[in-house]
Amino acid sequence: MDIHLVFLVPEGLEFVAVKDLELSLSNQDSILKNTRYHWEKKTGLIHLHCTTTIIISNLSDLNHYILNKVNLLCVYNVILIASQSIIPPDSFTENQLTNDFIINQTKLAPWSTVILQDQPPAATVSFRATFKKLKLQHKLSSQEMAGSIGYAFHTLPLFHHWKVKMTDYQYNIMGLWYQQAPNNNNTLTNLSQQSSADPNAVILLLGVEIPLPDQKQRNRLFFGRTSLNPAIAYCLVRLVDPKPGQFILDMCCGTGTIPIEGASLYKNVFWLGAEIRTNTLIDKAQGNLLHSNIKNLDLMLGDGRKMCYRPGVIDSIVSDWPWGLRENSYAQIKAMYPKFMKQMWIALKPFGKAYIVTQGHKLMSYVLNYDWCNSMWHTDQIIPIGIGGLNVYLYILSKQPNPSFVPQDIYNDVYPLS
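Conventions and cut-offs
Counting restarts for each chain: residues are numbered from 1 in the order of the written sequence. Per-residue local features are limited, in this predicted model, to residues with pLDDT of at least 70; the limit for side-chain atom pairs, both in listing and counting, is 80 or more; totals at the level of whole chains, interfaces and linings are taken over all residues. The side-chain values count all of the structure's non-hydrogen atoms but skip hydrogen atoms and water molecules. A helix here means a DSSP run of H or I that spans at least four residues, while a strand means a run of E at least two residues long, and both kinds are numbered starting from the N terminus. Each residue is placed in one exposure class: buried if its accessible area under a 1.4 Å probe, protein chains only, is under 20% of its type's maximum, exposed if it is over 50%, and partly exposed if it falls in between. We call two residues contacting when some pair of their heavy atoms lies within 4.5 Å. In short, Shrake-Rupley with a 1.4 Å probe defines the accessible areas, and a residue's cover is counted only from the protein chains shown. Pairing between strands is defined by DSSP: at least two bridges between the two strands are required. Any two of the Phe, Tyr and Trp rings considered here, Trp counted by its six-membered ring, make a pair once their centres fall within 6.5 Å; the pair's planes then place it as stacked at under 30 degrees, edge-to-face at over 60, or tilted in between. Throughout, an axis means a line fitted to C-alpha atoms (over the contacting stretch in the case of helices), and angles, computed between N-to-C directions, take values from 0 to 180 degrees. Within this document, salt bridges are pairs made up of a side-chain nitrogen of Lys or Arg and a carboxyl oxygen of Asp or Glu, the two lying within 4 Å of each other. Think of pLDDT as the predictor's per-residue confidence, scored from 0 to 100. By nonpolar core is meant a set of buried Ala, Val, Leu, Ile, Met, Phe, Trp, Tyr and Cys residues that side-chain atoms within 4.5 Å join together. Multiply 1.5 Å by the residue count of a helix minus one, and that product is the helix's expected span.

Asks: Hey, could you run me through the overall build of the protein in this one?
Replies: Each helix and strand in the protein was counted, giving 13 helices and 15 strands. In the protein, which comprises 418 residues, the share counted as buried stands at 54%. Of the contacts made within the protein by residues no fewer than 6 positions apart, 76% connect residues no fewer than 24 positions apart. Put simply, the protein shows about 19600 Å² of open surface, and 52% of that area lies on carbon and sulfur atoms.

See below:
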């Protein structure tokens, strides 16, 4: 049986998520054969084409035999695809033509191949329709396109008697689209051939969501307005990939999402989370730590502008720094970042790495161009990622152990008796 699955993963971190999926699903090689993964940067989508050695008669079977046996910790949603098509450019620019195309493709999709056998009586089945525009903008809203999919799906004879429910539904009929990146070696071969005349083709996918546990509640009971989704935190710690015995710090841990995800995955690594807000640390981060029952993690009250660790003891720092008006004013954040850079340099071991998430791309570039900062840090990589629909950046920095210039305040901290 041939199946096409799409995994929705953290945008910009597809290269991390696909390795994790390949590793996780390799344990199912007796069931999944001829696996082919495809992904494109900054889409948040990973495609898996494969065949199964067993007959899957319904979505429960798919969950039971495959997905429930692996940890999909880097994934937001999984969709079993019924059809994929390319929206003609002239149709995409007109609202009515776009709507008509979506309705027509919904009616033509082979839904019986993904909504499989052994269903209860039709009158007792409920569904809703959802559309994800992802990063691709259009004048039609997601709600309007979801309504079109739901209308077209409901007109089909097999599903005419299904009931529409917005909550407690049995099936989520999903549509999503993304724009193909030109000259991307990871793209889907068959679609690439179809769209060779238009390297920026818009690809429409239709399918049914496979239910997964709510990832937002994984390993935590408490979260704040700016808490990272655990799937993003998981991809970050996967990217760090610490070795046994190392010491990893999150200097702005908030509710503890990053160190908790890291400590639950890398149990032979010691993780430390520091947070300046007492209430956040005690009421939320500590509560999440107790809930997750993790032993290789400690939390402490700490200020990233004046850290209290001995010089050169930390192997890596991974942290989501304050950014945006929900955290502080621009003037406050602008004053923080240079101090953060200095304190990280003191705490890290020689050539230690810092993985920093921030939306303040201009501010970070400005700070890194300071003479002292340029001397003390090497920028290994800047990766555009997406968080909550916002363009955010992951900075991967390496400490330079012998800088040509060290500010006096850092020198006094490192060599207080000199």
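From this point, the narrative continues.
Asks: Before we go on, may I ask you to explain the sheet that holds strand E8 (residues 202–210) in this structure?
Replies: Either a parallel or an antiparallel arrangement is found when strands of a sheet pair, and the pairing is made through backbone hydrogen bonds. Reading across from one edge, E2-E3-E1-E4-E8-E7-E5-E6 is the order of the 8 strands in this open sheet, with mixed pairing throughout. Each end of this open sheet is capped by a strand with a single partner; those strands are strand E2 (32–39) and strand E6 (163–164). As judged from the 6 bridges shared by strand E5 (residues 126–132) and strand E7 (residues 171–179), these two strands associate in the parallel manner. In the sheet register, Arg-128 faces E7, and the bridge partner there is Asn-172.

Asks: I tried to follow the packing of aromatic side chains on my own but got confused; where do I start?
Replies: Between two aromatic rings, the relevant description is the distance of the centres plus the angle of the planes. Enumeration according to the criterion identifies 15 aromatic pairs in this entry. Arranged with centres 4.9 Å apart and planes meeting at 70 degrees, the rings of Phe-159 and Trp-162 form a pair that is edge-to-face. Of the two residues examined, Phe-159 and Trp-162, each falls in the buried class. Ring geometry for Phe-247 against Phe-270: centres 5.5 Å apart, planes inclined by 55 degrees, an arrangement best described as tilted.

Asks: Whenever I open this one, the sheet that holds strand E14 (residues 377–387) confuses me. Can you help?
Replies: Spatially, the 7 strands line up as an open sheet ordered E11-E10-E9-E12-E13-E15-E14, and their pairing is mixed. Here the strands that pair on one side only, and so sit at the sheet edges, are strand E11 (297–301) and E14. Strand-to-strand twist across the sheet, computed as the mean angle between neighbouring axes with direction ignored, equals 15 degrees. Two strands pair when backbone bridges link them, and E14 and strand E15 (residues 390–399) are joined in this way by 10 bridges, in the antiparallel orientation.

Asks: Would you mind showing me how to read the pattern of salt bridges here?
Replies: Working definition: two side chains of opposite charge can pair if their charged atoms are close together. Tallying each qualifying case throughout the model produces 8 salt bridges. Between Glu-261 and Arg-218 there is a salt bridge, and its shortest N-O distance comes to 2.9 Å. Placement of the pair is Glu-261 in helix H8 (residues 257–265) and Arg-218 in the loop between E8 and helix H7 (230–240), with a sequence separation of 43 residues. Like Arg-218, Glu-261 is buried.

Asks: Is there a simple way to explain the confidence of the model for the protein in this structure?
Replies: Averaged over all residues, the pLDDT of the protein is 88; the fraction at 70 or higher stands at 88%. At the level of individual helices and strands, the protein shows its lowest average pLDDT in helix H6 (residues 189–194), which scores 46, and its highest in strand E9 (residues 247–250), which scores 98. Below a pLDDT of 50 lies the segment residues 192–196, which in the model reaches 6 contacts outside its immediate sequence neighbourhood of four places, other chains included.

Asks: Before we go on, may I ask you to explain the nonpolar core in this structure?
Replies: Most often, soluble globular proteins have nonpolar side chains that are buried together. Counting 122 residues, the largest nonpolar core has Phe-7, Trp-111, Ile-115, Trp-321, Tyr-337, Met-341 and Trp-377 as its most contacted members. Of the residues forming this core, the biggest block, 9 residues, is contributed by helix H10 (residues 330–347). Not counting the four nearest positions on each side in its chain, Tyr-337 is found in contact with Trp-321, Pro-322, Trp-323, Thr-358, Leu-363, Met-364 and Val-367. Leu-8, Met-174, Leu-176 and Ile-203 belong to the second largest nonpolar core, which has 10 residues in total.

Asks: Looking at this structure, I do not really get helix H5 (residues 142–155). What am I missing?
Replies: In an α-helix, one turn spans 3.6 residues, which is why side chains three or four residues apart end up on the same side. Under the 1.5 Å per step criterion, the end-to-end length of H5 is 20 Å for 14 residues, consistent within 8% with the ideal 20 Å. Considered for burial, the residues of H5 that qualify are Met-145, Ala-146, Ser-148, Ile-149, Gly-150, Ala-152 and Phe-153. Against the buried residues of H5 lie helix H4 (95–108), E5, E7 and E8.

Asks: I would appreciate a short explanation of the pairing of strand E3 (residues 45–52) in the present structure.
Replies: Look at any regular strand and the pattern is simple: side chains alternate between the two faces of the sheet. Of all 8 residues that make up E3, 8 are buried, and the element is covered over most of its length. Because side chains alternate across E3, one face comprises the buried residues Leu-45, His-47, His-49 and Thr-51, and the other comprises Ile-46, Leu-48, Cys-50 and Thr-52, equally buried. Pairing analysis gives 7 bridges linking strand E1 (residues 2–8) to E3, with the strands arranged antiparallel. Bridge pairing links Phe-7 to Ile-46 in E3. Across 6 bridges, E2 lies against E3 in antiparallel orientation. Looking across to E3, one finds that His-38 is bridged to His-47. If you look at the hairpin formed by E2 and E3, you'll find 5 residues sitting between the two strands, and Lys-42 has a positive phi there, around 65 degrees.

Asks: So what exactly am I meant to see when it comes to unusual backbone geometry here?
Replies: In most cases, non-glycine residues show a negative phi, while peptide bonds are predominantly trans. In this structure, Asp-241 is a non-glycine residue whose phi angle is positive, near 50 degrees. Among the secondary structure elements, Asp-241 is positioned in the loop between H7 and E9. The class for Asp-241 is partly exposed, based on a relative accessible area of 35%. Positive phi, normally seen in glycine, also occurs at Phe-351, with a value near 65 degrees.

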